[in-house]
Amino acid sequence: MQWNAEAGKIMARVRKVRPLVHHITNVVVANVTANVTLAVGASPVMAHAPEEAAEMARAAKAVVLNIGTLTLGQMEAMMAAGREANRAGVPVILDPVGMGATSFRSRSVERLLSDIKVAVVRGNAAEIAVLGGYSARVAGVDAASEPEGMPGIVRETSRRLGTVVAATGAIDYVSDGTLVLEVHNGHPLLTRITGTGCMATAVIAAMRAVEEDGLPAATAALACFGYAGEIAAAGARGPGSFQVRLLDVLHALQPEELAQGARIAAG
Amino acid sequence: MQWNAEAGKIMARVRKVRPLVHHITNVVVANVTANVTLAVGASPVMAHAPEEAAEMARAAKAVVLNIGTLTLGQMEAMMAAGREANRAGVPVILDPVGMGATSFRSRSVERLLSDIKVAVVRGNAAEIAVLGGYSARVAGVDAASEPEGMPGIVRETSRRLGTVVAATGAIDYVSDGTLVLEVHNGHPLLTRITGTGCMATAVIAAMRAVEEDGLPAATAALACFGYAGEIAAAGARGPGSFQVRLLDVLHALQPEELAQGARIAAG
Amino acid sequence: MQWNAEAGKIMARVRKVRPLVHHITNVVVANVTANVTLAVGASPVMAHAPEEAAEMARAAKAVVLNIGTLTLGQMEAMMAAGREANRAGVPVILDPVGMGATSFRSRSVERLLSDIKVAVVRGNAAEIAVLGGYSARVAGVDAASEPEGMPGIVRETSRRLGTVVAATGAIDYVSDGTLVLEVHNGHPLLTRITGTGCMATAVIAAMRAVEEDGLPAATAALACFGYAGEIAAAGARGPGSFQVRLLDVLHALQPEELAQGARIAAG
């Protein structure tokens, strides 16, 4: 129950502070992640030109680097934004979309992680496994097969990278290298619209912007997003109406409801 | 009432002429501004390659330059499109998203305004104030704090730039440097989804495409968009369903309803 | 009835196989075409960096090249993806959005068609006519005027290009150079939201990924998408709710319903 109460408190802080979250993200989800950022109570800004990425990152309370449709120009912007965020003490949240699907993505993620101190990494199970050096098949950007033993994989990957790691799936796992927390919120319809992983990352950024400790911040975010998914699914007639309801529900959700509805367990 | 009747007439003309509006815009709102352009009765085309921007601009009845996720390549396309639009007598509508948030954006807007004759500039209050040389804080792309004395700021900025200026907010102000018109339509939910400012700019472009005088055209557009927002908000359960209803309402709205529902006042 | 039954079978195969479809597409429709790909039962991945386009194409079961907001960088990625897809036997589906609207688009399409073996081309009537060397007016990306004699134009264009050609409109025409099939499914609301042509192309790619013969694959796709449009339109209050319902309906549609509802006729 401690984690639930904490989740509610972090969410309340987002609503009060309305932190500015700078996204360098992919073209598929730019609109929906901006709307999710707004719905959860934060303020989104998108800017991916190398000429302004650092300046925007410095002004923000969190920076999202999402490689979903990465280009070399965007990579340059991410490096500039990430370094400046590190200098300014702004947390960087990395979403390694499709990690392992192409060598370009894998190399780019490695380069980002070697040059930039990342506060939280969020990926699906296969992406996180590949990131941690485990074997997993990543085809496209869907949650493909989920490797066995995710709790251990997430903890080990967190240790190796020295950052909080969150792997989302039917059960989400979040670890700081010591503890592993499980989030049991969510709904299968979340896999039927594009970009829900990216949306979860956006919520993590909003929460991490107001909470220094990445473990409760990421856990609160995944519980919040998953719980909103559950409520949105009730009454949805399919992925279209689910997506609409997801924004409605995220916007209406109150911190005390999250503290009630979150299903967080120590792994 | 004169402005209301005028608004209805301009909207009717958009529906009849179905003007082609060429957008060079940001990746966050590309889809929704295309849909808003369609819903209001015009025909959108998006094209941002420097290799074709001028040719597309020449074929259009209005050109939107929106710097929301500006890159150097897009800047080149905007310059080409803007110059060609000027040569061909096609009105250019500028949306200086995030003006003042980074020096890259500010410099780019200055360059666009110095090389291209712009018919209408639309921004939120802070962006317009910065554009006019007033002090205002622009953080991200949200409507931040609204400076005092907006009517005067809008009129003066219009005079300095020699273009019609529209500043949107709880009250919208539109000026041609002499008159200042206020539009009292709108709803707070318009601030809870991303890109509503950009959508308003798209509607201005559609109206300006069929009406030479930018003052009534921009005023009609903001009344139309704000009034649609009011109707859409009634019955919306949050930002998701609001956005869906906004397109439905814009599409169904009739010019005579706009003439009734517009709340335009001389400042 | 043979074509109807075939359509149902192909759709059932998509649902079973869940083929990975690699899209290099425009920023306006990236989100909605990914969601349509998911709703029909396939798995989308978007990747447009020249550094990874070939590798992603090789891993996919179909590749979509959509020039809606083409840039030179994207063109490079399309060439790399297309050539690699050809080597690997992965079918390439081309959507020549705005073909004829600018010389950049026309030249780019010609270059793609001369270097890459394309399995299916899908455009609106005017785009296909221009592609086939007929005179037609293309303004923007809307379905403009539909030239006379489309069945013959589609068959001849198919012959000249040596690929299956699909022209969508009030009636869709699909030809392999010998047969011309007509699809009478659809609804006018499909012309009131942006990107429905691109969505139809995405469905063709999903179907062609599991069916070697492009004629029944493209026909099944257009019947499926058009029939979903009909169902979605019933009860929609405008383009916003129509778009939401379109995803819901596509996701819920069963292969046997398609076999019943498809209206396919030999031309």
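Bear in mind that the values here come from a model prediction, so they are computed numbers and not experimental data.

S.K.: I'm lost on the overall build of chain A in this one. Help?
M.R.: When helices and strands are tallied, chain A shows 11 helices and nine strands. By its C-alpha atoms, chain A is 40 × 40 × 35 Å across when sized along the principal axes. The buried share of chain A, taken over its 267 residues, is 71%. Sequence separation of 24 or more characterises 73% of the internal contacts of chain A that already satisfy a separation of 6 or more.

S.K.: Could you clarify how one ought to interpret the interface of chain A and chain B in this entry?
M.R.: Accessible area lost upon the coming together of the parts is a frequently used measure of interface size. Contacts between the two partners involve 28 residues from chain A, matched on the other side by 28 residues from chain B. Of all elements in the fold, only α2 (30-40), β2 (43-46), α3 (53-59) and α10 (239-252) of chain A reach the threshold of two or more residues within the side of chain A that touches chain B. Taken together, the residues that form the side of chain A that touches chain B break down as 17 nonpolar, six polar and five charged.

S.K.: It is not clear to me how the relation of the copies chain B and chain C should be interpreted in this structure. Could you clarify?
M.R.: For the pair of chain copies, the relating transformation is a rotation about an axis with a translation along it. The transformation that overlays chain B on chain C combines an axial shift of 0.0 Å with a rotation of 120 degrees, and the residual RMSD is 0.0 Å. The transformation just described matches what one would write down for a three-fold rotation axis. Considering only C-alpha atoms, the residue of chain B closest to the rotation axis is B:Val27, which sits at 3.5 Å.

S.K.: Would you explain the sheet that holds strand β1 (residues 20-24) of chain C in this entry?
M.R.: Note on sheets: strands pair through backbone hydrogen bonds, and any given pair is parallel or antiparallel. All names here are of chain C. A sheet is described by the order of its strands in space; here nine strands give the open sequence β2-β1-β3-β4-β5-β6-β7-β8-β9, paired in mixed fashion. Strands with a single pairing partner mark the edges of an open sheet, and in this sheet they are β2 (43-46) and β9 (264-266). Adjacent strand axes in the sheet meet at a mean angle of 20 degrees when their direction is disregarded. Of the strands in this sheet, β1 and β2 touch helix α2 (residues 30-40), which is tilted by about 155 degrees from β2.

S.K.: What's the story with the environment of B:Ala200 in this structure? I'm lost.
M.R.: Residues and elements named next belong to chain B. Its location among the elements puts alanine 200 in helix α8 (residues 196-208). Look at alanine 200 and you get buried, because 28 C-beta atoms sit within 10 Å. Sequence spacing of alanine 200 and alanine 60 is 140 residues, and the spatial spacing of their C-alpha atoms is 19 Å. Not counting residues within four places of it along the chain, the set of residues in contact with alanine 200 comprises Arg122, Thr168, Ala221, Leu222 and Phe225.

S.K.: Explain the sheet that holds strand β6 (residues 164-168) of chain A here, please?
M.R.: Residue and element names in this part refer to chain A. With respect to topology, nine strands assemble into an open sheet ordered β2-β1-β3-β4-β5-β6-β7-β8-β9, the strand pairing being mixed. Of all the strands in the sheet, just β2 and β9 (264-266) have a single pairing partner and so form its edges. With direction set aside, neighbouring strand axes in the sheet form an average angle of 20 degrees. Both strand β7 (residues 172-175) and strand β8 (residues 180-183) contribute to a ladder of four bridges, which runs antiparallel. Paired with valine 174 across the strands is leucine 181, a residue of β8.

S.K.: Just to check I follow, could you spell out the interface of chain B and chain C for this structure?
M.R.: Listed per partner, the contact involves 28 residues of chain B and 28 residues of chain C. For the side of chain B that touches chain C, the secondary structure elements donating two or more residues are α2 (30-40), β2 (43-46), α3 (53-59) and α10 (239-252) of chain B. Looking at the side of chain B that touches chain C residue by residue, the classes come out as 17 nonpolar, six polar and five charged.

S.K.: Even after reading the chapter, I still don't get the confidence of the model for chain A, so can you show me in this structure?
M.R.: In regions of low pLDDT, the predicted coordinates are not meant to be interpreted in detail. Mean pLDDT for chain A: 95, with 96% of residues reaching 70 or above. Model confidence for the complex: the whole-complex pTM is 0.96, and ipTM, which rates the interface, is 0.95.

S.K.: Any chance you could explain the pairing of strand β1 (residues 20-24) of chain A here in plain terms?
M.R.: For a regular strand, side chains alternate in direction, first toward one face of the sheet and then toward the other. Residues and elements named next belong to chain A. Counting buried residues in β1 gives five out of five residues, a clear majority hidden from the surface. Burial along β1 is two-sided: Leu20, His22 and Ile24 and Val21 and His23, pointing in opposite directions, are all buried. Examined bridge by bridge, β1 and β2 share four bridges and lie parallel to one another. Bridged to histidine 22 within β2 is valine 45. Assessed by its sense of winding, the connection that carries the chain from β1 through α2 to β2 is right-handed. Pairing of β1 with strand β3 (residues 62-66), which is carried by four bridges, proceeds in the parallel orientation. Paired with valine 21 across the strands is alanine 62, a residue of β3.

S.K.: Any chance you could explain the packing of α10(A) against helix α10 (residues 239-252) of chain C here in plain terms?
M.R.: When two helices pack together, you describe them by how their axes are tilted relative to each other and by the distance separating the axes. Two elements in contact, α10(A) and α10(C), have axes whose closest approach is 6 Å; the angle formed by their N-to-C orientations is 135 degrees. Accordingly, the angle class assigned to the pair α10(A) and α10(C) is oblique. Along its contact with α10(A), which presents A:Pro239, A:Gly240, A:Ser241 and A:Val244, the element α10(C) presents C:Val244, C:Arg245, C:Leu246, C:Leu247, C:Asp248 and C:His251.

S.K.: How should I be thinking about helix α1 (residues 2-17) of chain B in this particular structure?
M.R.: Structural remark: α-helix, 3.6 residues per turn; residues separated by three or four positions point the same way. Residues and elements named next belong to chain B. Spanning 16 residues, α1 covers 22 Å between terminal C-alpha atoms, matching the ideal 22 Å at 1.5 Å per step. By the burial criterion, the buried members of α1 are Trp3, Glu6, Ala7, Gly8, Ile10, Met11, Arg13 and Val14. Looking at the buried side of α1, the elements it contacts are α2, β8 (180-183), α8, α9 (214-233), α11 (255-261) and β9 (264-266). Arginine 18 sits one or two residues past α1 and shows a positive phi near 50 degrees.

S.K.: Even after reading the chapter, I still don't get the environment of A:Gly186, so can you show me in this structure?
M.R.: Checked against the element boundaries, A:Gly186 lands in the loop between β8 and α8 (196-208). Distance from A:Gly186 to A:Ala62, taken between C-alpha atoms, is 25 Å for residues 124 residues apart in sequence.

Reading the values: rules and limits
- Residues numbered from 1 in each chain as written.
- Chains lettered and ligands numbered in written order.
- Predicted model: local features only at pLDDT ≥ 70, side-chain atom pairs only at ≥ 80, totals over all residues.
- Helix = DSSP H or I, 4+ residues; strand = E, 2+ residues; numbered from the N terminus.
- Buried ≥ 20, exposed ≤ 12 C-beta atoms within 10 Å, placed from the backbone.
- Contact = placed C-beta atoms within 7 Å.
- Nonpolar A, V, L, I, M, F, W, Y, C, P; charged D, E, K, R; others polar.
- Least-squares fit on C-alpha atoms with pLDDT ≥ 70 in both.
- Pairing = 2+ DSSP bridges.
- Axes fitted to C-alpha atoms, helices over the stretch in contact; angles between N-to-C directions.
- pLDDT = per-residue confidence, 0-100.
- Right-handed = clockwise from strand over helix to strand, strands pointing away.
- Parallel < 35°, antiparallel > 145°, perpendicular 65-115°, else oblique.
- Expected span 1.5 Å × (residues − 1).

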